[in-house]
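Close look at the chain arrangement
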Amino acid sequence: MLAIHDTIAGFREALDASRRQGLTVGLVPTMGYLHAGHGSLMAAAAEQTDVAAATIFVNPLQFAPSEDLSDYPRDLDRDLALAERHGVAHVLVPSVEEMYPTPVLSQVSVSGITERFEGAHRPEHFGGVATVVTKIFSLTGPCHAYFGEKDYQQLAMVRRLVADLSMPVKVVGCPIVRGVDGLALSSRNVYLTDAQRGAAPLLHRSLLEAQTMAEQEGVTVKAVEAVVADAVSAEPEAVLDYGALVDADSLEPAAAVGRSQRLLVCVRFGSTRLLDNIAIASPH
Ligand code: AMP
């Protein structure tokens, strides 16, 4: 049975009571409009911990005034059914007023890792994410927290935040869930026109090609990144925001193709930005 909480106090009390009984808590923070990607995080939390909990909150702090906050897709009934189906026991669905006293005077920021890529394109974004994640961790208490590799820079930032501030949270990264054509599932895919949706699988296709190229001896960073850039420039509907080979932990740009790297990509279709990434592990 899924318990639905609209207050921070109710959610916190339920999870405190579970921990007092010696049970572990698994947490999945989301913005709702849930799909099988979110479902995979919930299933992992339900399998690996005793009590799976989730939050559904479209966080205004992580949207710039020009971004899609008011049109962000929502379907709470469907979300609650999906969460229950994936073994979630407690869900927090707070109002904006419940989450943030006005004005918001305290915010959290993580430097370095947030400055390039998404941070460069969306200057307010990671401060808003770091603040809401800190708040959600604080109101949940000690837990395992499940995040998708789909938002790779966000995952890297959350790992660093937890380590730097000694939060009682074990961060668990989960693989990207894709549609049959390879497109990473995202709540924002509903914004794509039919033509854009038809072209969008080029992200994953070009990442796979780049991954194969990275295994060749002597290949350069430029050549690996060019596989993605060339595929995007051949598609009239698509514009490349970035396609960059980076260290998998620090997200510093790679000087040479090597082990433990990640190729990060963001492609714009009209005003919709799609993110994807892939592990790169050159054997050379
Ligand atoms: P969001 O609701 O977009 O804020 O996403 C909530 C969580 O679900 C984040 O940790 C995302 O990385 C994760 N997530 C979103 N899409 C996917 C996907 N296709 N596969 C795996 N995790 C995902």
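Now for a look at the structure at hand. (Residues numbered from 1 in each chain as written. Predicted model: local features only at pLDDT ≥ 70, side-chain atom pairs only at ≥ 80, totals over all residues. Heavy atoms only, no water.)

**Brief notes about helix α10 (residues 221–233)**
The end-to-end C-alpha separation of α10 is 18 Å, in line with the 18 Å expected for 13 residues at 1.5 Å each. Maximum bend of α10: about 25°, positioned at Val227. Of all the positions in α10, only Val221, Val224, Val227, Val228 and Val232 are classed as buried. As for α10, its buried residues are in contact with α9 (202–214), β7 (238–247) and β8 (261–269). (Helix = DSSP H or I, 4+ residues; strand = E, 2+ residues; numbered from the N terminus. Expected span 1.5 Å × (residues − 1). Bend = angle between axes of the 7 residues up to and from the residue. Buried < 20%, exposed > 50% of the residue type's maximum accessible area, 1.4 Å probe, protein only. Contact = heavy atoms within 4.5 Å.)

**Brief notes about the sheet that holds β8**
Strand order in the open sheet formed by three strands is β7-β8-β9, with antiparallel pairing between adjacent strands. The open sheet has two free edges, formed respectively by β7 and β9 (272–280), since each of these has just one partner strand. For this sheet, the mean angle separating the axes of adjacent strands, direction not counted, is 15°. Here β7 runs beside β8; their pairing, made up of nine bridges, is antiparallel. For Val246, the partnering residue across the bridge sits in β8 and is Arg262. Where α10 meets the sheet, its contacts fall on β7 and β8, and the angle it forms with β7 comes to roughly 160°. (Pairing = 2+ DSSP bridges. Axes fitted to C-alpha atoms, helices over the stretch in contact; angles between N-to-C directions.)

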